[in-house]
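Listed below, chain by chain, are the residues.
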Amino acid sequence: MTTSGTDTGPPRPTGTPPTGAPPAGRGGAGPARRRRSARPDRKAWTFLAPFLAVYLFAMILPIGYAVHQSLLKVERSGPLGLGEPSVAFAGLDNYALALEQTAFLESFGRVLLFGAVQVPVMLLLALVLALLLDQVKDRWAGLLRATYFLPYGVPGVIATLLWGFLYVPGISPVTDLLGKLDVQPDFLGYDNVLWSIANIVVWEFTGYNMLVIVAQLKSIPEELYEAARIDGAGPWETALRIKLPLVRPALVLTCVFSIIGTMQLFAEPLVLKRLAPAVTSDYTPNLSAYFDAFGNANVHLAAAKSVLLAAVAMVLSFTFLSLVNRKRRDGR
Amino acid sequence: MPTRRTLLAATTAAAASPALAACGEQAGAARMTRQAHRAPGERVNLVFWTWVPLQKAVALWNKLHPDIHVTVQTVPANTSGGYQKMHASLKAGDPPDLAQVEYYALPEFMLVRGLTDLTAYGADRLKKHYVDWQWQQGVFAGRTYAIPQGSGPMGFFYRADLYDNWDLEVPRTWDEFRQAARKIKKRSGGESFVTAFPPVNAQWFASFPWQRGAHWVRTEGDTWIVDLTDEKTRQVADFWDGMVRDKLVAPLQDSQSSFFKGLQTGQLAGWLGAQWQDALLRGNAPGTKGRWRVAELPQWERGEHASANWGGSATAILQGTRHPAQALKFAHWLNTDLRSIELLVAAGYGWPSAELELAGSPLDKPDPFFGGQVYNEVFRTSDRNVDTSWRFAPTTTQSYAHIQDNIGRAVAGHGTLQQALADAQGMFVDDLQAKGLDARSAR
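A quick note: this is a predicted structure, and the numbers were derived from the prediction, not measured. (Residues numbered from 1 in each chain as written. Chains lettered and ligands numbered in written order. Predicted model: local features only at pLDDT ≥ 70, side-chain atom pairs only at ≥ 80, totals over all residues.)

## Looking at the overall build of chain A
Here is step 1: Within chain A one finds 14 helices and two strands.
Here is step 2: Counting over 332 residues, chain A shows a buried share of 34%.
Here is step 3: In chain A, the share of contacts with a sequence separation of at least 24, taken over all contacts with a separation of at least 6, comes to 70%. (Helix = DSSP H or I, 4+ residues; strand = E, 2+ residues; numbered from the N terminus. Buried ≥ 20, exposed ≤ 12 C-beta atoms within 10 Å, placed from the backbone. Contact = placed C-beta atoms within 7 Å.)

## Quick look at the overall build of chain B
Here is step 1: Along its length, chain B carries 16 helices and 13 strands.
Here is step 2: Principal-axis analysis of the C-alpha atoms gives chain B an extent of 70 × 60 × 45 Å.
Here is step 3: Here chain B, with 443 residues, has 51% of them falling under the buried criterion.
Here is step 4: Pairs at least 24 apart in sequence give 77% of the contacts found in chain B among residues at least 6 apart.

## Topic: the UniProt feature "domain: ABC transmembrane type-1" (unreviewed entry) in chain A
Here is step 1: The positions that UniProt labels "domain: ABC transmembrane type-1" (unreviewed entry) are, in the present scheme, residues 108-320 of chain A.
Here is step 2: End C-alpha to end C-alpha, residues 108-320 of chain A measures 17 Å, and it is 78% helix and 0% strand. (UniProt positions renumbered as here; feature names shortened; annotations may be inferred.)

## Concerning the pairing of strand 7 (residues 217-220) of chain B
Residues and elements named next belong to chain B.
Here is step 1: Across four bridges, strand 7 lies against strand 8 (residues 223-226) in antiparallel orientation. Bridging across to strand 8, R218 finds its partner in I225.
Here is step 2: Here strand 7 folds back onto strand 8, and the loop between the two strands holds two residues, one of which, G221, carries a positive phi near 60°. (Pairing = 2+ DSSP bridges.)

## Some remarks on the domain arrangement of chain B
How big an interface is tends to be reported as the loss of accessible area on association of its parts.
Residues and elements named next belong to chain B.
Here is step 1: By the assigned domains, chain B splits into domain 1 (44-152 + 311-368) and domain 2 (153-308 + 381-441).
Here is step 2: A separation of 26 Å is found between the C-alpha centroids of domain 1 and domain 2.
Here is step 3: Ranked by residues supplied to the side of domain 1 that touches domain 2, first place goes to helix 4 (residues 106-111) with four residues.
Here is step 4: Class assignment for the residues of the side of domain 1 that touches domain 2 results in twelve nonpolar, six polar and one charged. (Domains from an automatic or database assignment. Nonpolar A, V, L, I, M, F, W, Y, C, P; charged D, E, K, R; others polar.)

## Focus on unusual backbone geometry
Here is step 1: Of note in this structure, A297(A) is not a glycine but carries a positive phi near 50°.
Here is step 2: In this fold, A297(A) is placed in the loop between helix 13 (285-295) and helix 14 (299-331).
Here is step 3: Classification of A297(A) as buried rests on a count of 28 C-beta atoms within 10 Å.
Here is step 4: Although it is not a glycine, R113(B) adopts a positive phi angle of roughly 55°.

## A word on the interface of chain B and chain A
Here is step 1: Each partner contributes residues to the interface: chain B has 50 residues there, and chain A has 44 residues.
Here is step 2: Ranked by residues supplied to the side of chain B that touches chain A, first place goes to helix 1 (residues 4-21) of chain B with nine residues.
Here is step 3: Per-class residue counts for the side of chain B that touches chain A are 24 nonpolar, 16 polar and ten charged.

## Some details on the sheet that holds strand 7 of chain B
Strand-to-strand pairing in sheets goes through backbone hydrogen bonds, with the strands running parallel or antiparallel.
Residues and elements named next belong to chain B.
Here is step 1: Taken together, three strands build an open sheet; the order of strands is 7-8-13 and the sheet is mixed. The sheet is open, and its two borders are formed by strand 7 and strand 13 (439-441), each paired with just one other strand. Neighbour-to-neighbour, the strand axes of this sheet turn through a mean angle of 30°, independent of strand direction.
Here is step 2: Each of strand 8 and strand 13 is contacted by helix 16 (residues 417-434), which is oriented at about 170° to strand 13, the strand it contacts most. (Axes fitted to C-alpha atoms, helices over the stretch in contact; angles between N-to-C directions.)

## Regarding the UniProt feature "transmembrane region" (unreviewed entry) in chain A
Residues and elements named next belong to chain A.
Here is step 1: Sites flagged by UniProt as "transmembrane region" (unreviewed entry) map to residues 44-67, 111-134, 146-168, 193-215, 250-267 and 302-324.
Here is step 2: Counting secondary structure, residues 111-134 comes out at 100% helix and 0% strand; the distance between its end C-alpha atoms is 33 Å.
Here is step 3: The straight-line gap between the two end C-alpha atoms of residues 146-168 is 29 Å; of that span, 87% is helix and 0% is strand.

## Comments concerning helix 10 (residues 235-246) of chain A
Since the α-helix advances by 3.6 residues per turn, residues separated by three or four positions end up pointing in the same direction.
Residue and element names in this part refer to chain A.
Here is step 1: When the terminal C-alpha atoms of helix 10 are compared, their 15 Å separation across twelve residues agrees well with the 16 Å that a helix rising 1.5 Å per residue should span.
Here is step 2: Every buried residue belonging to helix 10 is among T238, K243 and L246, and all of these are buried. Seen along its axis, helix 10 keeps its buried residues to an arc of 55°; they face one direction.
Here is step 3: Buried positions along helix 10 lie against helix 4 (102-135), helix 8 (193-218), helix 9 (222-230) and helix 11 (248-263). (Expected span 1.5 Å × (residues − 1). Arc of directions from axis to C-beta.)

If you want it as structure tokens, here you go:
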């Protein structure tokens, strides 16, 4: 193995970096500046209109409605409060109430712990699978890719039902087999059920994340590999020093999606709740909001909890993104 | 993913909110009941959401009443999704005409104005056909809001053949129950248990303090008072704590596959359950036919007949229907017509709310599944001894969820049942207060 390339850092492509780098010089030439005019013209708005319409209807309006609902409360009157109720402005009462509920706050701790373990495990698995698939010949790659991706096509509820059968003692062949070996796993116990859910989520989403990374791998130009080969890089070096840095944007993307997905954990614990006493009605922030809205018919408190959840997810996503970006800037 | 633009919009909406608060917002049901005009001969269609298998009775109604057609739509049972769906439909202003609502959930539906005031449609003259305490479950501030269907007096189902094998007497008191539990565990080599203890079933658990004479909820003036820590409840909690700690009960969640497997295999030599579970036993452990018997609940004082109720539901006419008079007519027929009751009893719907003589009624039959025992005689005694002053708060779904979350944790070895209930008491009060109600703990 030659060392010429390796001890001077990763081989860098001579062209533009793969991710949006700032333009080389400041100020640029006149025509370029005109092209990058800040104000989109009428044609641009026409093209944007369909997107904006759907965005307004499906994103902004519901969020505004949720915020609106979260600032209201029901006022009761009459004997035992069962008289004619009315809706009144509540200010931040619902937020205060939500933040006073320890079970609700604990649910954030739970999903954060869940995310801190599950997201790295899943992404590492997805990355390894993607890198391996990249090495496999095309004929098999397609089949394997489809196989790994298949669980993503199974709805979360169905996946949880399937896994549920594998978790319940007395029904599950897994616990039966392990029982014969004198291991008595309690997949649905208080200390384990969170990781049983994590297992389901990993099973569901690894293939999806793998596919995102595979797509990024495919976009790496062949010349880079040639250059690496000429520099004497073997498969390991190619993977670690070429592929890994170049799939970074895909990893960042999947990581942000996973963080948001983790915060919104809902279907899996809801379905598993019927099998596992350990899954309480405040197990995740989303479950808590759901039971307030529909189990307890308190939409205003549920709206406040949803807004809080959205805020936390947003803060986490942006914190992650800014950390990643700062690191990249520092790295330059 | 939220962007800066979303944030901006959210802030704008937030700022505009106080101004909007007063207009267009309704507490609870979005549409109020109104009787639609009906042309002569016009057929009325009613939609009925339920999880009780009462299709046969409804089919009979449809045959007898071609002008009022009822369509049954099966929804998930109660809090597994049925009530969630009903609340959402009320909020959306698009509810079914009729719905299955359990007694404990009626106050919650009252709180969202989800029930039609039936007094306005002449329900009060039907009162005499029903068992009074069941009728009272649907009465709020002197007006009637639901037609009762059936209740669930508690009893002790046990395997007579296994008790004979092990040379055991059927326990009459809770002390004997504990001794029987020990002997069963010993004589079966640890294979069998006196009963299951579902870790997360607050309704089931509540029936024992109820039997003891506790009152978890009461009212003083306009204040709701929650009491999960009185001496009677603590005594009951202590008893079950010991049973769970000594592993004398099987920690199986009822009506789950492992529970039914326990019934089939004899892992469960008995079950403390409600009358309506006769059908569950029959349907899920058909191989044990003839081996079951029913006895009264074990007692705290020898010779008493104290009992409790678990379950029981009403046929509610939801707020927003356009045919309240026809819906009321159907609900009354469903729950009092003898032909209907016969079909409902066969479907295992519970102890009838209709005022019936047991003798000659569909309940008065020796049952081969119970070895020819007229087991409903036991439940009649139980039904007559239910303390009917037990009340349900308007946050029962949520508060009982807290209670069972806590009980589940205790059963898994984290703390005692007493502590679990004491913790749940605070949450119970919070739930009531979060709804804008006056509430406090009893101590």
